[in-house]
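Geometric and topological summary
Single-letter residue listing:
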Amino acid sequence: MSTAPLKVAVTGAAGQIGYSLLFRLASGALAGDRPIELRLLEITPALKALEGVVMELDDCAFPNLAGVEIGDDAEKIFDGVNLALLVGARPRGPGMERSDLLSANGAIFTAQGKALNKVAASDVRIGVTGNPANTNALIAMSNAPDIPQERFSALTRLDHNRAISQLAAKTGAPVTDITKMTIWGNHSATQYPDLFHAEVAGRNAAEVVGDQEWLESTFIPTVAKRGAAIIDARGSSSAASAASATIDAARDWLFGSAEGDWVSMAVRSQGEYGVPEGLISSFPVTTSGGDWSIVEGLEIDEFSRGRIAASTDELAEERAAVTELGLI
Ligand SMILES: NC(=O)c1ccc[n+]([C@@H]2O[C@H](COP(=O)([O-])OP(=O)(O)OC[C@H]3O[C@@H](n4cnc5c(N)ncnc54)[C@H](O)[C@@H]3O)[C@@H](O)[C@H]2O)c1
Ligand SMILES: O=C(O)C[C@H](O)C(=O)O
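Residues numbered from 1 in each chain as written. Chains lettered and ligands numbered in written order. Predicted model: local features only at pLDDT ≥ 70, side-chain atom pairs only at ≥ 80, totals over all residues. Heavy atoms only, no water.

1. Considering the site of ligand 1
Residues in close proximity to ligand 1 total 22 residues, the closest being Gln-16, Ile-17, Glu-42, Thr-129 and Asn-131. One of the backbone N or O atoms of Thr-129 is found 3.2 Å from a nitrogen atom in ligand 1. Measuring from an oxygen atom of ligand 1, one finds a side-chain N or O atom of Asn-131 at 2.8 Å. Taken by itself ligand 1 offers 860 Å² of open surface, and the protein chains cover 83% of this. Listed by contribution, the elements that provide at least two residues to the shell around ligand 1 are helix 1 (16-27) and helix 4 (98-119). Taken together, the residues of the shell around ligand 1 break down into 10 nonpolar, 11 polar and one charged. (Near = heavy atom within 4 Å. Polar contact = N/O pair within 3.5 Å; in protein donor to acceptor, adjacent residues only side chain to side chain. Areas by Shrake-Rupley, 256 points an atom, 1.4 Å probe, with all protein chains shown as cover. Helix = DSSP H or I, 4+ residues; strand = E, 2+ residues; numbered from the N terminus. Nonpolar A, V, L, I, M, F, W, Y, C, P; charged D, E, K, R; others polar.)

What follows is the structure in structure tokens.
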């Protein structure tokens, strides 16, 4: 393995997710012993707070942290990066409509897509965590015409991990026994966590559970609305779990998913499973050597087909809205 530092950009680095993510990245959760160089992007008013976070990173004396650079200029921060984790995004404020949110974040992701296109390393991978993650990834991808489209993905690994945890609790199995979980569609309340292809210790999960009522009325809504439940309980959105999932997704993407299993990633559709071409939608994927491939040939019954279509219809509406706004 290369020993040159892996250059990792994180946007929104002074935010809640950043406060967990940076320390996990620096301590080796992504790249093990390989040195890592952090490039941290923030808006100008947040740079002072970010300086404080960097002081704390220094104070951890992480052996594999090869350097930290901070700034508010995307072209400087993204210069030569191998991985860009786009976390910073404007959350919805009082009185804001969905289109206002898409428009506010559109400005961020058009500019960052353009900057990555100009200065990122030729092997760059770009993971989008900031919401609405799928459509933000679509905007960044559309504004980076020289970067191959398969280098962009949006985070549905948190939903994937939530689904594993719920299934483990229901069946009494350890999380390590749960494989082949899939989140389909959008990282939103319409997402479809699929138990029909998941396995518990090698047995079909839907059969092990044997309770369609629980699957429809408890499992799916609990996973799909978990973000809102955490906001209700904590008063702010998930941060440590989102950071952890951001690392899980990036680690598997760069270094490969486990043999005999798959993971969920939102990636560009080429029409697989009836998902309209060009949408960034979550699929079951395997990863190897920095590339992903969608798991093909799964049988999708009518129930699942309806759920996938409902979520991808929402993605198509979001795409229409950002097209209307001239962002893609
Ligand atoms: N996909 C997921 O699973 C998932 C899970 C949790 C949260 N999220 C989303 O992640 C995003 C970040 O969450 P958070 O809790 O860290 O929010 P936060 O508000 O604490 O932090 C966001 C940070 O982004 C910064 N920022 C805003 N515009 C920027 C720009 N143009 N360039 C660089 N930085 C910029 C802000 O200054 C702020 O520090 C939100 O959109 C949230 O909804 C996604
Ligand atoms: O649901 C949210 O708004 C936050 C985040 O996307 C989550 O899933 O926790």
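After that view of the structure, there is still more to cover.
2. Re the packing of helix 6 (residues 157-171) against helix 8 (residues 212-224)
As a packed pair, helix 6 and helix 8 sit with axes 9 Å apart at the nearest point and diverge in direction by 140°. For the element pair helix 6 / helix 8, the angle class is oblique. The two elements helix 6 and helix 8 cross, and the hand of that crossing is right-handed. Residues Asp-159, Arg-162, Ala-163, Gln-166, Leu-167 and Lys-170 of helix 6 form the contact with helix 8, whose own contacting residues are Trp-214, Phe-219, Thr-222 and Val-223. Classifying every residue of the contact of helix 6 with helix 8 by side-chain character gives five nonpolar, two polar and three charged. (Axes fitted to C-alpha atoms, helices over the stretch in contact; angles between N-to-C directions. Parallel < 35°, antiparallel > 145°, perpendicular 65-115°, else oblique. Left-handed = near helix turned anticlockwise from the far one by under 90°. Contact = heavy atoms within 4.5 Å.)

3. Quick word on the UniProt feature "binding site: substrate" (unreviewed entry) in the chain
Sequence positions flagged by UniProt for "binding site: substrate" (unreviewed entry) are, in local numbering, Arg-92, Arg-98, Asn-131 and Arg-162. Tracing the chain through its elements places Asn-131 in the loop between strand 5 (125-128) and helix 5 (133-142). Classification of Asn-131 by relative accessible area gives partly exposed; the value is 39%. Residue contacts for Asn-131: discarding those within four places in its chain leaves Ala-89, Asn-105, Asn-136 and His-187. (UniProt positions renumbered as here; feature names shortened; annotations may be inferred. Buried < 20%, exposed > 50% of the residue type's maximum accessible area, 1.4 Å probe, protein only.)

4. Focus on unusual backbone geometry
Between Asn-131 and the following residue, Pro-132, the backbone shows a cis peptide bond with an omega angle of -10°. With respect to the element layout, Pro-132 can be found in the loop between strand 5 and helix 5. With phi around 50°, Ala-61 is a residue other than glycine that occupies positive phi space. With a phi close to 50°, Ala-201 is a non-glycine residue in the positive phi region. The topology assignment puts Ala-201 in the loop between strand 10 (199-200) and strand 11 (203-204).

5. A few points about the sheet that holds strand 11
Spatially, the three strands line up as an open sheet ordered 7-10-11, and their pairing is antiparallel. Where the open sheet ends on each side, the last strands, each with one partner, are strand 7 (178-179) and strand 11. Bridge analysis of strand 7 against strand 10 gives two bridges, and the strand direction is antiparallel. Its bridge partner being in strand 10, Ile-178 is matched across the sheet by Val-200. (Pairing = 2+ DSSP bridges.)

6. Observations regarding the UniProt feature "active site" (unreviewed entry) in the chain
Here the UniProt-annotated "active site" (unreviewed entry) positions come out as His-187. In contact with His-187, not counting residues within four places along its chain, are Asn-131, Asn-134, Leu-155, Thr-156, Asp-159 and Arg-162.

7. Observations regarding the site of ligand 2
As a structural note, the neighbourhood of ligand 2 is formed by Asn-131, Arg-162, His-187, Gly-227, Ile-231, Ser-237 and Ser-238. Contact distances for ligand 2 include 2.8 Å between an oxygen atom and a side-chain N or O atom of Arg-162. In this structure, an oxygen atom belonging to ligand 2 sits 2.7 Å away from a side-chain N or O atom of Ser-238. Protein contact buries 73% of the 260 Å² of open area that ligand 2 shows by itself. Residue classes in the shell around ligand 2 are distributed as one nonpolar, five polar and one charged.

8. Some points on the domain arrangement of the chain
Partitioning the chain into structural domains gives domain 1 (6-154) and domain 2 (156-322). Each of domain 1 and domain 2 has a C-alpha centre, and these two points are 23 Å apart. Taken together, the contact between domain 1 and domain 2 spans 32 residues of the former and 38 residues of the latter. Approximately 2700 Å² of surface area, both sides summed, lies buried where domain 1 meets domain 2, with 63% of it carried by carbon and sulfur atoms. Area buried by domain 1 at its contact with domain 2 is led by Gln-16, Arg-125 and Asn-134, which between them contribute 22% of it. Counting every contact that joins domain 1 to domain 2 gives one salt bridge. Across the salt bridge formed by Arg-125 and Asp-291, the nearest N and O atoms sit 3.3 Å from each other. Summed over the shared surface of domain 1 and domain 2, the result is 15 residue pairs in polar contact (both at pLDDT 80 or more). Where the side of domain 1 that touches domain 2 is concerned, the elements lending two or more residues are helix 1, strand 4 (83-86), helix 4, strand 5, helix 5 and strand 6 (152-154). Each residue belonging to the side of domain 1 that touches domain 2 can be placed in one class, and the counts come to 18 nonpolar, nine polar and five charged. (Domains from an automatic or database assignment. Buried area = accessible area lost by both parts, 1.4 Å probe. Salt bridge = Lys/Arg side-chain N within 4 Å of Asp/Glu carboxyl O.)

9. So, helix 10 (residues 240-255)
The end-to-end C-alpha distance of helix 10 is 22 Å, a good match for the 22 Å that 16 residues give at a rise of 1.5 Å each. For helix 10, every residue scored as buried is listed here: Ala-242, Ala-243, Ala-245, Thr-246, Ile-247, Asp-248, Ala-249, Ala-250, Asp-252, Trp-253 and Leu-254. (Expected span 1.5 Å × (residues − 1).)

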